[in-house]
Amino acid sequence: MFKICLFLSALLLSSNLYAYSATCDTRDGKQFHISVQNKVMKIDHKYSAFYKGRDDEGYYIYSNKGYTYSTGKFDGDMFPIKVKNKWGIDASGTCKLQ
C-alpha cells in the first residue's frame with residue numbers, strides 16, 4: 001500500500017513539474033503576463049489557451065478561439081514568443097521568467 005501511495009504521489013508531482021510564469025514584451029509595445037501549468041497557458045490571469053503541439057521550428061503552440069501563442073526555446077530565463085490573432089494581427093517579442 002505504501003508503494004502505491006508513493007507511486008501516485010510521484011506521478012502527481014511529475015505532472016505539475018512543467019509549470020512556469022513569465023512577463024512578456026512584444027515589439028509593438030504591449031506587455032502581458034503568462035503562466036503555463038499542465039499544458040494550459042493562462043494569459044493575464046483571465047484567458048486560457050490550450051497546448052496543441054509543436055511546430056516545425058520547435059515552438060510550443062497554445063491556442064484558444066481568438067489567439068495562437070507560440071513559445072520558443074529557453075535561453076536562461078528568457079524565451080521568444082509569437083502571438084497571432086484571428087483578425088490577422090501578429091506580434092512577436094520576448095518573455096522573462098518570474
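Everything numeric here is computed off the predicted structure, so don't read it as measured data.

What am I meant to see in the state of the cysteines here?
Every disulfide links exactly two cysteines, by a covalent bond between their sulfur atoms. According to the stated counting rule, one finds 1 disulfide in the structure shown. Disulfide pairing is shown between Cys24 and Cys95; the S-S distance is 2.0 Å. Between Cys24 and Cys95, the S-S torsion sits near 105°, and that sign places the bridge as right-handed. Taken as a pair, Cys24 in strand β1 (residues 19-26) and Cys95 in strand β8 (residues 90-97) lie far apart in primary sequence, 71 residues in all. What makes Cys24 buried here is its relative accessible area of 0%. A residue is classified by how much of its surface remains accessible, and Cys95, at 0% relative accessible area, is buried.

Can you help me understand the environment of Cys95 in this one?
Sequence spacing of Cys95 and Ile34 is 61 residues, and the spatial spacing of their C-alpha atoms is 8.8 Å. Apart from residues no more than four positions distant in its own chain, Cys95 is found in contact with Ala22, Thr23, Cys24, Ile34, Asp77, Met78, Phe79 and Ile81.

Whenever I open this one, a nonpolar patch on the surface confuses me. Can you help?
Taken together, the side chains of Tyr67, Trp87 and Ile89 define a hydrophobic patch exposed on the protein surface, amounting to about 350 Å² of accessible area. As for its position among the elements, Ile89 is in the loop between β7 (78-85) and β8.

Explain the layout of surface pockets here, please?
A water-sized probe, rolled over the atoms, reveals where empty space remains. Taken as a whole, the largest pocket holds about 370 Å³ of empty space. Of the residues belonging to the lining of the largest pocket, the class tally is 8 nonpolar, 4 polar and 5 charged.

Help me out: how do you make sense of the pattern of salt bridges in this one?
Where charged atoms of side chains with opposite charge meet at close range, the side chains can pair. Within the structure shown, the criterion is met by 2 salt bridges. Glu57 is paired through a salt bridge with Lys82; the nearest N and O atoms lie 2.9 Å apart. Taken together, the residues Glu57 in the loop between β4 (47-54) and β5 (60-63) and Lys82 in strand β7 connect sequence positions 25 residues apart. Across the pair Lys96 and Asp77 runs a salt bridge whose closest N-O atoms are separated by 2.5 Å. Of this pair, Lys96 sits in strand β8 while Asp77 sits in the loop between β6 (67-71) and β7, and the two are 19 residues apart along the sequence.

So what exactly am I meant to see when it comes to the environment of Asp55 here?
You can see Asp55 is positioned in the loop between β4 and β5. Distance from Asp55 to Ser70, taken between C-alpha atoms, is 8.6 Å for residues 15 residues apart in sequence. Within the local environment of Asp55, its side chain forms a polar contact with the backbone nitrogen of Glu57, the two atoms lying 3.0 Å apart. A distance of 2.8 Å separates a polar atom in the side chain of Asp55 from the backbone nitrogen of Tyr59.

Just to check I follow, could you spell out the nonpolar core for this structure?
As a rule of thumb, soluble globular proteins bury nonpolar side chains together. Counting residues in each nonpolar core, the largest one holds 15 residues, and the members touching the most others are Ile34, Met41, Tyr69 and Ile81. Mapped by element, the contributors of at least two residues to this core are β1, β2 (31-37), β3 (40-43) and β7. With sequence-adjacent residues up to four places away left out, Ile81 is seen in contact with Cys24, Phe32, Ile34, Tyr69, Ser70, Thr71, Ala91, Ser92, Gly93, Thr94 and Cys95.

Here is what the cut-offs are and how they apply
Residues numbered from 1 in each chain as written. Predicted model: local features only at pLDDT ≥ 70, side-chain atom pairs only at ≥ 80, totals over all residues. Heavy atoms only, no water. Disulfide = S-S within 2.5 Å. Helix = DSSP H or I, 4+ residues; strand = E, 2+ residues; numbered from the N terminus. Buried < 20%, exposed > 50% of the residue type's maximum accessible area, 1.4 Å probe, protein only. Contact = heavy atoms within 4.5 Å. Patch = residues over 30% accessible without salt bridge, like charges linked within 9 Å, V, L, I, M, F, W, Y side chains within 5 Å. Areas by Shrake-Rupley, 256 points an atom, 1.4 Å probe, with all protein chains shown as cover. Salt bridge = Lys/Arg side-chain N within 4 Å of Asp/Glu carboxyl O. 1 Å grid on protein atoms, 1.4 Å probe; cavity = no way out; pocket = protein on both sides within 12 Å on 5 of 7 lines; lining within 4 Å. Points joined across faces, edges and corners; volume = space filled by probe spheres on them. Nonpolar A, V, L, I, M, F, W, Y, C, P; charged D, E, K, R; others polar. Polar contact = N/O pair within 3.5 Å; in protein donor to acceptor, adjacent residues only side chain to side chain. Core = buried A, V, L, I, M, F, W, Y, C linked by side-chain atoms within 4.5 Å.

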